[in-house]
Amino acid sequence: MNESIVNKVKTYLGAQSLYKDSATTNNLFAGRNLPSFVKDYLLKRFARGEEIDRAALTSFLNTVMPTGDIRSSLISGQEVTLLTRFSVNIDLVHNVRRFGIPDLGIKEREGQIPDYVAAKHPELVDGEMWGIIKMCLLPDDEGKKSHVEMVDFKPFKPYTTIDVSFIQEVRKNFSTEEWLDLIISSMEYEPDSFDSMHQKLEFITRLLIFVEPRLNVIELAPKGTGKSYVFNNISKYGWLVSGGKVTRAKLFYDRAKDQAGILKTHDFCGFDEIQTIVFQEPDELQGALKSYLEQAKATIGDKEFTSECGLILMGNIEITDGRPRNKCYFKELPTSFNESALLDRFHCFIEGWYLPRIHKDMIYKGWTMNMEYFSEVMHNLRVQNVYGELFDKLICYEGKADMRDSTAIKRIATAYMKLLFPHWTKVEDVSKSDFDTFCLQPAIRRRGIIREQLHLLDPEYKTDMPVVYMK
């Protein structure tokens, strides 16, 4: 990334800028599996310009992320403090709030949250989160068994509030190309390692689901293009399902536990390695997904489930001479997803074969935006309705435009506005040329690919896209 952008980063982002050096980072965090948003938070906390207070950071990590056998420490009667990812489940049958730490093998049935901790932290409800937990091993009331008790908790929430107007003001100081490079570098990739503007846009399209509610995406790409990394490391508001069985209870609502599923508690859910995912009770789950993807709600037993969570399907695709070997891309999807009525409910397609295979020289070193901060910005942009209103003021459709097509185009274009042009808050701010180039035409194209592929799968679907006019 060139020096002029770096100077702007330090000048306009101020406290939200961060110097990244993967060699230093990898050494400091060796043996500790942390996502980027946590590492950026820790680096920022112990940064002194381009230098890191290595001793202080190491001491902190040793305190809250000890590398020894945690379970043995608990059994020996020690109190353990951990910065970790954990899940919470409210067990109504036994009137207990439970927690589990999957990375340590502590199951939800083994962990309990006492009332005094829950009362101080109302956010400890169903779902997954990050935080600093203090815990110890205590006997049950009967004294016959033991459980892991959470005796204190501090949520991982560096930003209690996010002022979206700050990033809107910052954006005014960057050109579109500079802002695009800044986003890529904040994701820890070197912008200059991408061959073209087209390749950069394809890459950051993965972030649309971070900023736009109920956006449903399909990405097929060769192996090694960084799909899993983006959706597993950049934001704590997403969930990645990597292969295995998927149940209706896991996704929507578990009636036995009276517990909300993944789609209820996250901004987006990714199905990684989609070819290896198996639906349990496929007909029921497919029916629930159709309803949800269309209306943001589904009926599970006597419960009506609603959410704003988006869904992305990610799979590998075989490439020959830079293009997919099979012209019908959807044939790469598993049987459970290879159904036209279900696929028609997806809005956006990412052509991952245009992306480079990730290699060592692509890792960014230098000043950029703190990803933990930017992930919070993206989360907050989801509820900013000014961009959807702008779209309606800029665009009109022909009278017979298909509703699914027009909805898809609006959601994709609105997401691009939020990501690339957050400073557009009224019509007078909008560059119609940039809107057409970077928002509208890509949105039409990405929904158009879904249309083309539906036609190859089922000729009843036509390839025609609605005619869209700029006012």
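In the block above lies the structure referred to throughout.
This next bit is on the packing of aromatic side chains. As enumerated under the stated definition, the model contains 27 aromatic pairs in all. Ring centres 5.5 Å apart and planes at 80 degrees place the aromatic pair Phe86 and Phe153 in the edge-to-face group. Residue Phe86 is located in strand β4 (residues 80-91), and its partner Phe153 is located in strand β8 (residues 146-155); the two are separated by 67 residues in the primary sequence. Considered together, Phe86 and Phe153 belong to a single accessibility category, that of buried residues. Ring geometry for Phe271 and Phe337: centres 6.0 Å apart, planes at 70 degrees, overall edge-to-face. Of this pair, Phe271 sits in strand β13 (residues 268-279) while Phe337 sits in the loop between β18 (323-324) and α15 (340-343), placing them 66 residues apart in sequence. When sorted by exposure, Phe271 lands in the same class as Phe337, which is buried.

Here the focus is unusual backbone geometry. Positive phi, normally seen in glycine, also occurs at Arg214, with a value near 60 degrees. Locating Arg214 in the fold gives a position in the loop between α10 (208-211) and β9 (216-221). You can call Arg214 buried: its relative accessible area is 17%. Unlike most non-glycine residues, Glu273 shows phi in positive territory, near 50 degrees.

Where charged atoms of side chains with opposite charge meet at close range, the side chains can pair. Under the definition given, this model contains 30 salt bridges. Residues Glu284 and Arg248 are paired through a salt bridge, measuring 3.3 Å at the closest nitrogen-oxygen approach. Of this pair, Glu284 sits in helix α14 (residues 282-295) while Arg248 is found in helix α12 (residues 248-251), placing the two residues 36 residues apart along the sequence. Judged by its relative accessible area of 39%, Glu284 falls in the partly exposed class. Note on Arg248: relative accessible area 18%, which makes it buried.

Within the largest apolar cluster, 74 residues are counted, with the highest numbers of intra-cluster contacts made by Ile204, Phe210, Leu420 and Phe435. In terms of residue count, helix α18 (residues 403-420) provides more of this core than any other element does, eight residues in total. Apart from the residues lying within four places of it in its own chain, the contact partners of Phe435 are Phe391, Leu394, Ile395, Met417, Trp424, Val430, Leu440 and Met470. Ile218, Leu220, Leu251 and Ile300 belong to the second-largest nonpolar core, a separate cluster that totals 39 residues.

Cut-offs and rules
- Residues numbered from 1 in each chain as written.
- Predicted model: local features only at pLDDT ≥ 70, side-chain atom pairs only at ≥ 80, totals over all residues.
- Heavy atoms only, no water.
- Phe/Tyr/Trp six-rings, centres within 6.5 Å; stacked < 30°, edge-to-face > 60°.
- Helix = DSSP H or I, 4+ residues; strand = E, 2+ residues; numbered from the N terminus.
- Buried < 20%, exposed > 50% of the residue type's maximum accessible area, 1.4 Å probe, protein only.
- Salt bridge = Lys/Arg side-chain N within 4 Å of Asp/Glu carboxyl O.
- Core = buried A, V, L, I, M, F, W, Y, C linked by side-chain atoms within 4.5 Å.
- Contact = heavy atoms within 4.5 Å.

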